[in-house]
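Chain and residue survey
Given next are the chains, with one letter for each unit.
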Amino acid sequence: MLITNVNIITEKINNGYIKLENGVITDVGSMENCPKDTEVYDGKGCFAVPGFIDAHTHLYNNDYGYFDKAFNCGITLVAVSPDSSKPVGGEVKIVSTKTRETVGVAGVKLALGENPLKNFESTNEIVAKEIEKAEDTVFLHVHSKEDIDLVKGKNVVFVHGTDCQGKCRIIAGPMLTDISKKEMENLSYENLARQYKEGSLIAICSDHPETPVDFLQLYGQIAVKYGVDKDDALLMITRNPAQLLGIDDCYGSIKINQKGGVLLFDSHPMDFYSRLIKIL
């Protein structure tokens, strides 16, 4: 299939084309170089973006239809993580919302802070040992500066990362929830905007069911209200989560060899009134 006459935001191509074969992008460029094809979808000036990625959820099989809801809102992949009740949680799996198949394992989930301390002592020592021996990416549930400082300099993606300062790798959120623990007291969009301005690599997550997975686009739109550039907010639910999950070679962009779907919107997806026209 050849998708024509689209504005490819993430690649900054105005009036371009995208060629798809069996769900994989095989060519992309400006319309002046557009090849011919027997199957053409005319985007008529729509805005083309990669399928959205939610980098942190607890979306399990008893999902009450949320896999379908997520897919219908343009979220093609979700990372499904163990909860944070234990210092060592287990694998973080990457799941297709369309097929519910696991397409990869991103790494291991660990946890510091109030949640694991309810059930375990010496969580700091347990987590430190696991980080030292980990061969895969560590996704660390953490909020407070005190806990973040324990693992500074380690190869860690901070899940929530509320008190992160400086350039960090953060899966941020959920912001639209109540402050239920003291360690969460700085959780806010103002805080996310600060981390963005400090140069952190940020993915916005739903933490479903803490906040619903199918509103991921809205969470990005709200980030714009608090000072995040529109294009960068879009990256926070496409390319950035792909990078943090280690799947950016195949997902999160509109480039050759990428998969994960192409979404067509009638305006920039970070505009509040934008409408999803087509999932291809």
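Everything that follows concerns the structure shown earlier in this document.
Residues numbered from 1 in each chain as written. Predicted model: local features only at pLDDT ≥ 70, side-chain atom pairs only at ≥ 80, totals over all residues. Heavy atoms only, no water.

1. Thoughts on the sheet that holds strand 9 (residues 137–142)
The strand order across the open sheet formed by eight strands is 5-6-7-8-9-10-11-12, and the pairing between neighbours is mixed. What marks the edges here is a single partner per strand, and that holds for strand 5 (52–57) and strand 12 (201–204). For this sheet the average axis-to-axis angle between neighbouring strands, irrespective of direction, equals 25°. Summarising the sheet, strand 6 (residues 75–80) and strand 7 (residues 88–96) pair through four bridges and their orientation is antiparallel. Opposite valine 78, over in strand 7, you have valine 95 as the bridge partner. In the packing of helix 5 (residues 189–197) onto the sheet, contacts are made with strand 11 (169–172) and strand 12, and the angle to strand 12 comes to roughly 150°. (Pairing = 2+ DSSP bridges. Helix = DSSP H or I, 4+ residues; strand = E, 2+ residues; numbered from the N terminus. Axes fitted to C-alpha atoms, helices over the stretch in contact; angles between N-to-C directions. Contact = heavy atoms within 4.5 Å.)

2. Observations concerning the nonpolar core
Phe52, Val78, Leu140, Phe158, Leu192 and Ile204 are the most contacted members of the largest nonpolar core, which totals 45 residues. With four residues, the top contributor of residues to this core is helix 6 (residues 216–225). Contact partners of valine 78, with chain neighbours within four places excluded, come to Asp54, Thr57, Leu59, Phe67, Lys93, Ile94, Val95, Thr97 and Val213. Core analysis: the second largest hydrophobic core is formed by 18 residues, Ile53, Val157, Ile171 and Leu244 among them. (Core = buried A, V, L, I, M, F, W, Y, C linked by side-chain atoms within 4.5 Å. Buried < 20%, exposed > 50% of the residue type's maximum accessible area, 1.4 Å probe, protein only.)

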